[in-house]
Amino acid sequence: MRPRAWCGVLAAVALSATACGGGESKKSDDAGAAANAKAGFPVSVSDCSGAKTTFDAAPKRIVTSNAAALELLMWLGAGDKVAGTGFPPGKGTVPQQFADQAAKVPVLGKKVIPKEKLLGSGADLYVDSFSSMKNMGGTGMAPTAEEFKGAGIKHVYLKSTACASMSKAARTDLSGVEADIEELGKVTGTSARAAELVAGMRKKTDAVRDALKGVPEAKRPSYFFFDYDAGTKQPMAVCNRQVANAVITQAGARNVFGDCAGDFKPVDWESVVAKNPDWIQLGVRNRGSDEANRKAFDEAADFLRSFPATKDLKAVKEGHFLRIGSERTTIGGVRSADTVREIAHTVHPDLVK
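Residues numbered from 1 in each chain as written. Predicted model: local features only at pLDDT ≥ 70, side-chain atom pairs only at ≥ 80, totals over all residues. Heavy atoms only, no water.

1. Digging into the packing of helix H2 (residues 67-76) against helix H7 (residues 175-187)
In plain terms, the rule: Between N-to-C directions, angles span 0 to 180 degrees; the directions come from axes that are lines fitted to C-alpha atoms, helices contributing only their stretch in contact. A run of H or I in DSSP becomes a helix once it reaches four residues, and a run of E becomes a strand once it reaches two; helices and strands are each numbered from the N terminus. Crossings are classed by handedness, with left-handed meaning an anticlockwise turn of the near helix from the far one by less than a right angle and right-handed meaning a clockwise turn. Contacts between residues were defined by any pair of non-hydrogen atoms, one from each residue, lying within 4.5 Å. Three classes are used: nonpolar for Ala, Val, Leu, Ile, Met, Phe, Trp, Tyr, Cys and Pro, charged for Asp, Glu, Lys and Arg, and polar for all others, with Gly counted as polar.
Running from amino to carboxyl end, H2 crosses H7 at an angle of 65°, the nearest separation of the two axes being 11 Å. Here H2 runs over H7; the crossing is right-handed. Taken together, the residues of H7 that come into contact with H2 (itself represented by Leu72, Leu73 and Leu76) are Ile181, Leu184 and Gly185. Partitioning the contact of H2 with H7 into residue classes produces five nonpolar, one polar and no charged.

2. Describing the sheet that holds strand E7 (residues 154-157)
Hydrogen bonds between backbone groups are what pair the strands of a sheet, and the pairing can be parallel or antiparallel. Quick reminder of the rule: A pair of strands is labelled paired if DSSP reports no fewer than 2 bridges between them.
Taken together, five strands build an open sheet; the order of strands is E5-E4-E3-E6-E7 and the sheet is parallel. With partners counted over all chains shown, the strands left at the sheet margins are strand E5 (107-109) and E7, one partner each. Across this sheet, the average inter-strand angle for adjacent strands is 25°, counted without regard to direction. Two elements, strand E3 (residues 62-64) and strand E6 (residues 125-128), share three bridges in a ladder whose sense is parallel. Each residue of the ladder has a partner; that of isoleucine 62, found in E6, is leucine 125. Strands in contact with H2 are E3, strand E4 (82-86) and E6; relative to E4, the strand with the most contacts, it is inclined by about 150°.

3. Comments concerning the pattern of salt bridges
Keep this limit in mind: Salt bridge, as used here: a side-chain nitrogen of Lys or Arg that lies within 4 Å of a carboxyl oxygen of Asp or Glu. Three labels apply to residues, based on accessible area from a 1.4 Å probe with only protein chains included: buried if under 20% of the type maximum, exposed if over 50%, partly exposed otherwise in between.
Under the defined criterion, the tally for this structure stands at 17 salt bridges. Residue aspartate 206 pairs with arginine 209 through a salt bridge whose shortest N-O separation is 3.3 Å. With aspartate 206 and arginine 209 both in helix H8 (residues 191-211), this residue pair falls three residues apart, about one helical turn. For aspartate 259, the salt bridge identified is with lysine 275, shortest N-O distance 3.9 Å. Here lysine 275 lies in helix H10 (residues 269-275) and aspartate 259 lies in the loop between strand E10 (254-255) and strand E11 (264-266), a separation of 16 residues in the sequence. In this structure aspartate 259 comes out as exposed when scored by relative accessible area, which is 62%. The class of lysine 275 is partly exposed, set by a relative accessible area of 32%. One salt-bridge network, held together by shared partners, links Lys204, Asp338 and Arg341.

4. Some details on unusual backbone geometry
A cis amide bond links phenylalanine 41 with the next residue in sequence, proline 42, at an omega value of 0°. Inspection of the secondary structure puts proline 42 in the loop between helix H1 (3-38) and strand E1 (43-46). The phi dihedral of phenylalanine 87 is positive, around 40°, even though this residue is not glycine. Structurally, the position occupied by phenylalanine 87 is in the loop between E4 and helix H3 (99-103). One non-glycine residue with positive phi stands out, namely asparagine 276, at about 40°. With relative accessibility at 35%, the residue asparagine 276 sits in the partly exposed group.

So this is what it looks like as structure tokens:
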């Protein structure tokens, strides 16, 4: 065969190979698009101020701001995508079925993740519980929207917690927490699992509601969330936009600072004494071990028993203390419903078993 003929054959073969390759690539792209569409994508979610973020597919590498966000992803079945976290879970603080998986997640910050580590994490999604929370500290180090975009990281909030101070109405149920779970389920392609989790939560809170339906508002016990770790010189009240207010209210109690609009507010001990609560929750943040947590709860109770302003309070004299960790009460999640039931059983033992 003449050289020119060979060239023609080779060109034809090359063209054929290119065409086949392009066809396979297009089929693959089409299959991927179809799979994403079947999973409910594209999905758009909003931040605290209403700005939208759109996902064309589920994220592959996620960083979480804290243990609560990490745990939620594990409940959704997306825990294998978590590439790092801040505020890591202490020993025994996540459900047993997630303990081994949680222990393997890289810790990018013992508290708030440093900006450089977050932006250099290689994440394509950051799930944030804290950036809009004034009391968490370190928020000045948070990356800007432009920095997140430059690093290829989409930024979403667990709004029931992060956006609480911006809420325009009091939170008296877990609907905001449930919405967070459903929204994160859409973002991670786990909507079916999210629906199961929300249904399970509602079953628990509905049972509490039905058990307490005969208890009028005025007969419900008053309740003070004592944020021991916020300091003892000036108590920090949880107000009616905070998740804790929803938990306390659904449990059949009355938050003594439920008339305070916002999420948290510094008050004075005179105000607490004037409320004279029936029950006090010892809000202690996780210390990393059961022994350390017990010690912290004991310290909080001892303070109230010995402090002149509080030693004669009704709840203190009667030993009406609840030892429930702060995180489970003030940060929304699947186990918020369990906290509702635990409080309800404690303050209404004859009605909620």
